[in-house]
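# Structural features, examined
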Number of protein chains: 2
Amino acid sequence: MVKIKEIEKSTEIKILEAAKQEFLERGFDGARMQKIAERAGINKALLHYYFRSKENLFKAIFQSVFENFFPKVVKTFQSEISFFDKLKFFIDNYIDVLSKNPFLPAFILHEIQLRPEMLINSMKEQGFNPSVFLNMFKREMENGVICNMRVEHLVVNILSMCIFPVAAAPIIKGMIFKNDDIEYQQFLEERKIIVYEFVVNSIKK
Amino acid sequence: MVKIKEIEKSTEIKILEAAKQEFLERGFDGARMQKIAERAGINKALLHYYFRSKENLFKAIFQSVFENFFPKVVKTFQSEISFFDKLKFFIDNYIDVLSKNPFLPAFILHEIQLRPEMLINSMKEQGFNPSVFLNMFKREMENGVICNMRVEHLVVNILSMCIFPVAAAPIIKGMIFKNDDIEYQQFLEERKIIVYEFVVNSIKK
DNA sequence: ACTATTTTTGACCAGTTGGTTAAACTATTT
DNA sequence: AAATAGTTTAACCAACTGGTCAAAAATAGT
């Protein structure tokens, strides 16, 4: 049994991985329990054995996925580097995470439209607090390092420019890059620097 | 019959309005033909009488909705006002349209993930051409009015800051404004100016 | 007023979907 | 090795869903 666990992933892990794919690609309403079972290579009844219902399985996935969507800000921002390096590091890192989870942004944005409770739930359960983020910028404004503005707008601007281009990948690919995946990936790569410069240009005193 | 048409909307219009609501809120997979019929106050079979299938009805809605999502750039940009006024007008106008269609951005972003063809289709059918948009900025760069950068990034930045805050409304409301709708609406209103200033600060020479 | 055409409806259908169950299989305990 | 507990499966089910159809109702044409 020990050997099996090492070679073959545990059933629960296999289910979670399959469910994550299915839910991320198709959303709750589009996802099919049968498809999840097939993807995991198991019998459909096993899904209900491990996770009572579709709703339950979905909640598990949403929570695990939520972590990737809301950047673990604390570690990034507690380091000793300068404000601008923190900002640069954050943007680089966040775009990187998202571009490796291409379905994530659109999935979250879609699901929360009719289930905002899920968000609040996940936030509480993970102790996520946006004010850590906001306060960092507020401090730099008070120190006169960056221009004064409502921090909420600044933060939303930064997040917008990181998240939207991934959520809108099919649009951008289709309209700008003639559906060339490589060119689009290159575009995202460039943004790690461009977004930082764009923000700094705008807020630096 | 003339009188009836004036008082009561034609069946087709009623269906389209009901379907638009249902599809925008729930997406294709979450929408129910029965619910659309109820919303329109008609029998379900009528839906199939006017639009053969759910798929067909969806296509009709997607196309009509697409127009609002992709700003009618031409008219805005052909006017004689200065570049910066065009930009200001565009951002103001676009945020306004989106905030009046709160489900629109997340709907489009979700649906295109697995149906990119729909996008291409609607684009062709409506003769939408993104290069009109891109070229305007390129011209101003060549004229030395704004800083040089890859126009694609500039345009994506602007669109990001207009679209994302609407798509992410439930997140922003929940995390920043304690679910206060009015404060959130005020926030969007402010962005009409803030986004413009943020962009201009960054690109003005 | 009568007919032909279009619009609307209720009843119905076949396929799908999430979920259940009893039995088979596997591993663990004694 | 026998009993016990934990996994896995195939078969099944009730509810729902998109879609059909024949008949009824409304409208238009004569």
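Residues numbered from 1 in each chain as written. Chains lettered and ligands numbered in written order. Predicted model: local features only at pLDDT ≥ 70, side-chain atom pairs only at ≥ 80, totals over all residues. Heavy atoms only, no water.

## Considering the overall build of chain A
Scanning chain A from terminus to terminus reveals 13 helices and zero strands. If you list the helices and strands of chain A from N to C, you get α-α-α-α-α-α-α-α-α-α-α-α-α. C-alpha extents for chain A along the principal axes are approximately 60 × 40 × 40 Å. Considering chain A as a whole, with its 205 residues, one finds that 50% of them fall into the buried category. The contacts of chain A with a sequence gap of at least 6 include a subset with a gap of at least 24, amounting to 66%. A distance of 3 Å separates the average location of the 29 positive side-chain charges in chain A from that of its 26 negative side-chain charges. (Helix = DSSP H or I, 4+ residues; strand = E, 2+ residues; numbered from the N terminus. Buried < 20%, exposed > 50% of the residue type's maximum accessible area, 1.4 Å probe, protein only. Contact = heavy atoms within 4.5 Å. Lys, Arg positive; Asp, Glu negative; His and termini not counted. Charge placed at Lys NZ, Arg CZ, Asp CG, Glu CD.)

## Comments concerning the relation of the copies chain B and chain A
For the pair chain B and chain A, the best superposition has an RMSD of 0.0 Å and corresponds to a rotation of 180 degrees with a translation of 0.0 Å parallel to the axis. What the superposition gives is, in effect, a two-fold axis relating one chain to the other. Nearest to the rotation axis, the C-alpha of S202 of chain B is located 2.0 Å from it, this being the minimum over chain B. (Least-squares fit on C-alpha atoms with pLDDT ≥ 70 in both.)

## Here's the deal with a positive patch on the surface
A cluster of basic residues, R26, R32 and K35 of chain A together with R26, R32 and K35 of chain B, forms a positive patch on the protein surface. Summarising the element assignment, K35 of chain A is placed in helix α3 (residues 33–40). Classification of K35 of chain A as partly exposed rests on a relative accessible area of 43%. (Patch = residues over 30% accessible without salt bridge, like charges linked within 9 Å, V, L, I, M, F, W, Y side chains within 5 Å. Areas by Shrake-Rupley, 256 points an atom, 1.4 Å probe, with all protein chains shown as cover. Salt bridge = Lys/Arg side-chain N within 4 Å of Asp/Glu carboxyl O.)

## Describing the interface of chain B and chain A
Taken together, the contact pairs 55 residues of chain B with 55 residues of chain A. Of all residues in chain B, F164, M175 and F198 of chain B give up the largest surface area on contact with chain A, accounting jointly for 15% of the area buried on that side. At the junction of chain B with chain A, the criterion picks out two salt bridges. For E190 of chain A, the salt bridge goes to R150 of chain B, with nearest N and O atoms at 2.8 Å. Taken together, chain B and chain A are joined by 12 residue pairs in polar contact (both at pLDDT 80 or more). Elements with a minimum of two residues in the side of chain B that touches chain A: α2 (11–30), α8 (104–114), α9 (116–126), α11 (151–167), α12 (169–176) and α13 (181–203) of chain B. Ranked by the residues each element gives to the side of chain B that touches chain A, the list is headed by α11 of chain B, at 12 residues. (Buried area = accessible area lost by both parts, 1.4 Å probe. Polar contact = N/O pair within 3.5 Å; in protein donor to acceptor, adjacent residues only side chain to side chain.)

## Quick look at helix α5 (residues 54–69) of chain A
Counting along an α-helix, one turn takes 3.6 residues, and residues three or four places apart therefore face a common direction. Between its terminal C-alpha atoms α5 of chain A stretches 22 Å, which fits the 22 Å expected from 16 residues at 1.5 Å a residue. Turning to α5 of chain A, its buried residues number three or more, namely L57, F58, I61, F62, V65, F66 and F69 of chain A. (Expected span 1.5 Å × (residues − 1).)

## Observations regarding the domain arrangement of chain A
A common way to report how large an interface is uses the accessible area buried once the components associate. Residues and elements named next belong to chain A. Once the domains are mapped, chain A shows domain 1 (8–61) and domain 2 (70–203). Using only C-alpha atoms to locate each centre, domain 1 and domain 2 end up separated by 29 Å. Facing nine residues of domain 1, the contacting portion of domain 2 comprises seven residues. Here domain 1 meets domain 2 over a buried area of about 740 Å², counting both sides, of which 70% is carbon and sulfur. A per-residue breakdown of the area domain 1 buries against domain 2 is headed by L24, E25 and F58, which together make up 58% of the total. Counting the contacts that link domain 1 with domain 2 gives one salt bridge. Between the two partners, domain 1 and domain 2, sit two residue pairs in polar contact (both at pLDDT 80 or more). For the side of domain 1 that touches domain 2, the secondary-structure elements that each account for two or more residues are α2 (11–30) and α5. By residue number, the principal contributor to the side of domain 1 that touches domain 2 is α2, which donates six residues. Here the residues of the side of domain 1 that touches domain 2 sort into four nonpolar, one polar and four charged. (Domains from an automatic or database assignment. Nonpolar A, V, L, I, M, F, W, Y, C, P; charged D, E, K, R; others polar.)

## Description of the confidence of the model for chain A
On average, residues of chain A score 92 in pLDDT, and 95% of them reach the 70 mark or higher. This stretch, residues 1–7 of chain A, has a pLDDT under 50; its non-local contacts, to residues over four places away or in other chains, come to zero contacts. (pLDDT = per-residue confidence, 0-100.)

## Some points on the side chain of E140 of chain A
Residue and element names in this part refer to chain A. As for its position among the elements, E140 is in helix α10 (residues 130–142). Buried and unpaired, E140 has R139 as its nearest opposite-charge partner, separated by 5.0 Å. Here E140 is in contact with F83, V145 and I146, once residues within four sequence places are set aside.

## Observations concerning the packing of aromatic side chains
Residues and elements named next belong to chain B. Applying the stated rule across the entire model yields 35 aromatic pairs over all chains. When the centroid spacing of 6.1 Å and the interplanar angle of 40 degrees are considered together, the rings of F58 and F62 count as tilted. Residue F58 and its partner F62 are located together in helix α5 (residues 54–69), separated by four residues, close to a single helical turn. For F62, a relative accessible area of 1% translates into the label buried. For the ring pair F83 and F84, a centre distance of 5.1 Å and an interplane angle of 70 degrees mean the geometry is edge-to-face. Take F83: its relative accessible area is 7%, and that puts it in the buried class. (Phe/Tyr/Trp six-rings, centres within 6.5 Å; stacked < 30°, edge-to-face > 60°.)

## Concerning the packing of helix α11 (residues 151–167) of chain A against α13 of chain B
Taken N-terminus to C-terminus, the directions of α11 of chain A and α13 of chain B make an angle of 70 degrees; their axes are 11 Å apart at the nearest point. As judged from the angle between their axes, α11 of chain A and α13 of chain B are roughly perpendicular. When α11 of chain A is examined against α13 of chain B, the residues E152, H153, L154, V156, N157 and M161 of chain A are found in contact with a partner set consisting of F187, E190, R191, I194, V195 and F198 of chain B. Split into classes, the residues belonging to the contact of α11 of chain A with α13 of chain B amount to seven nonpolar, two polar and three charged. (Axes fitted to C-alpha atoms, helices over the stretch in contact; angles between N-to-C directions. Parallel < 35°, antiparallel > 145°, perpendicular 65-115°, else oblique.)

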